[in-house]
Amino acid sequence: MQSPLRHGKAAIGTTLAGGALAALSQAPERASRLLRHRYPTVAVTGMTGVGKTRLADRLARRASAEASAAEGTEVGSAVMERRTRRNARLRGYRFRVVPGENAATRLGALDEVFHDEPVDGVLHVVAYGHATPRRTAGTTGAALASREEQLAAELEDWAITAHRIASMAVRRERPTWLVVAVTKADLFADDIDAAVHYYSPGSGSPFGDKLDELRALAGGARLSIDVLPVCAQGGGRKGSGSRLPDKACSELLTRLELRMAQLSGHV
């Protein structure tokens, strides 16, 4: 007959083993939560030619292959690009730069960041009609497009992205943040306030109306929206006609970085 003491020790051993297994099973989930808190994932979206990769490179504090070219024509990527920013406090971001071309690779990347592996925030890049025109079907080289045509293309691109943001926002428990980054601000230095107003909710502009629709679909409490100007390339770039000095462009980038840190709980 087994003694009560031996039976009790066996029970305790079973309990400890069960607790250890439970802890091990929860370890990956806890590690994932810690990673997302310290390194939230950010989708960088926007139409082709607005400078998504360049902005992601600046935010990741790395040299851009485009920037290193001698003022050559920017060529967009046909696949999703990944960037990571780290700091000394072991915090940062994991950027997912979605292709701007309206192709199968772009739609697949949108599905990945908004459905398969939902991101923590969205950095949607626009350029107030100053995107670099691109030829169709990924052909390299410059193209011609009026500012009105570029603004219309931005709206068309945004309609596709906004639908996916709304679908993601209503599925998740925690709120989603969206920053509309109005890039290439050095090209319209005298109209920065007007540009920010154009992209703001409640402005009555075509883009503002689309943001109002997104808020209605996602729910105001589930989606925060900020609009910030930025010039990722820096003032005074050769042949750009820039009227913003390097210091002013750096300050705009710092404002964007600070807001992202606030939204991500890093400060």
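Refer to the preceding data block for the structure.
Residues numbered from 1 in each chain as written. Predicted model: local features only at pLDDT ≥ 70, side-chain atom pairs only at ≥ 80, totals over all residues. Heavy atoms only, no water.

1. Some thoughts on the overall build of the protein chain
Phase 1: Scanning the protein chain from terminus to terminus reveals eight helices and six strands.
Phase 2: Starting at the N terminus and walking to the C terminus, you meet the elements of the protein chain as α-β-α-α-β-β-α-β-α-β-α-α-β-α.
Phase 3: When the 267 residues of the protein chain are sorted by exposure, 44% land in the buried category.
Phase 4: Sequence separation of at least 24 residues holds for 74% of the intrachain contacts in the protein chain that already meet a minimum separation of 6. (Helix = DSSP H or I, 4+ residues; strand = E, 2+ residues; numbered from the N terminus. Buried < 20%, exposed > 50% of the residue type's maximum accessible area, 1.4 Å probe, protein only. Contact = heavy atoms within 4.5 Å.)

2. Looking at the nonpolar core
Phase 1: Among the nonpolar cores identified, the biggest contains 41 residues, and Phe114, Leu178 and Tyr199 are the most heavily contacted of them.
Phase 2: Among the elements of the structure, helix 4 (104-116), strand 4 (121-126), helix 5 (147-171), strand 5 (176-182), helix 6 (192-198), helix 7 (206-218), strand 6 (223-229) and helix 8 (246-263) are those that each provide at least two residues to this core.
Phase 3: Broken down by element, this core gets its largest block of residues, eight residues, from helix 5.
Phase 4: Setting aside chain neighbours within four positions, we find tyrosine 199 in contact with Val126, Ala127, Tyr128, Gly129, Leu151, Glu154, Val180, Val182, Phe207, Leu211 and Val227. (Core = buried A, V, L, I, M, F, W, Y, C linked by side-chain atoms within 4.5 Å.)

3. Points about the state of the cysteines
Phase 1: In total, this model carries one disulfide according to the counting rule given.
Phase 2: The partner cysteine of cysteine 231 in its disulfide is cysteine 249, sulfur to sulfur 2.0 Å. Judged by the torsion about the S-S bond (-130°), the cysteine 231/cysteine 249 disulfide is left-handed. Taken together, the positions of cysteine 231 in the loop between strand 6 and helix 8 and cysteine 249 in helix 8 put the pair 18 residues apart, joining distant regions of the chain.
Phase 3: For cysteine 231, a relative accessible area of 1% corresponds to the buried category. (Disulfide = S-S within 2.5 Å.)

4. Re the packing of aromatic side chains
Given two aromatic rings, one states the distance between the centres and the angle between the planes to describe the pair.
Phase 1: Under the defined criterion, the tally for this structure stands at seven aromatic pairs.
Phase 2: When the ring of tyrosine 199 is compared with that of phenylalanine 207, the centres are 4.9 Å apart and the planes differ by 75°; the resulting orientation is edge-to-face. The pair tyrosine 199 / phenylalanine 207 is uniform in exposure class, with both members buried.
Phase 3: One aromatic cluster is present, built from ring pairs that chain together Tyr128, Trp158, Phe188, Tyr198, Tyr199 and Phe207.
Phase 4: The lysine or arginine in question, arginine 147, covers the ring of tyrosine 128, its NZ or CZ lying 4.2 Å from the ring centre. (Phe/Tyr/Trp six-rings, centres within 6.5 Å; stacked < 30°, edge-to-face > 60°. Lys NZ or Arg CZ within 6 Å of the ring centre and 35° of its normal.)

5. What about the environment of threonine 41?
Phase 1: By the element assignment, threonine 41 lies in strand 1 (residues 41-45).
Phase 2: Remark: the alpha-carbon pair of threonine 41 and aspartate 120, spanning 79 residues in sequence, is separated by 5.3 Å.

6. Observations regarding the pattern of salt bridges
Phase 1: Under the defined criterion, the tally for this structure stands at eight salt bridges.
Phase 2: Notably, a salt bridge pairs glutamate 81 with arginine 83, separated by 2.7 Å at the nearest N-O pair.
Phase 3: Given a relative accessible area of 17%, glutamate 81 falls into the buried group.
Phase 4: For arginine 83, a relative accessible area of 10% gives the class buried.
Phase 5: Put simply, arginine 259 and aspartate 226 hold a salt bridge, and the shortest N to O gap is 3.1 Å. Here arginine 259, found in helix 8, pairs with aspartate 226, found in strand 6; they are 33 residues apart in sequence, far enough to count as distant.
Phase 6: Assessed through its relative accessible area of 25%, arginine 259 is described here as partly exposed.
Phase 7: Judged by its relative accessible area of 18%, aspartate 226 is buried.
Phase 8: In the salt-bridge network here, residues are joined through shared partners; they are Asp57, Glu81 and Arg83. (Salt bridge = Lys/Arg side-chain N within 4 Å of Asp/Glu carboxyl O.)

7. A closer look at helix 4
Phase 1: Inspection of helix 4 places Arg106, Ala109, Leu110, Val113 and Phe114 among the buried residues, and these make up the whole buried set. Along helix 4, the residues classed as buried sweep out an arc of 105° about the axis, all on the same side. Residues of helix 4 that are exposed and point more than 90 degrees away from the buried face comprise Ala104, His115 and Asp116. (Arc of directions from axis to C-beta.)

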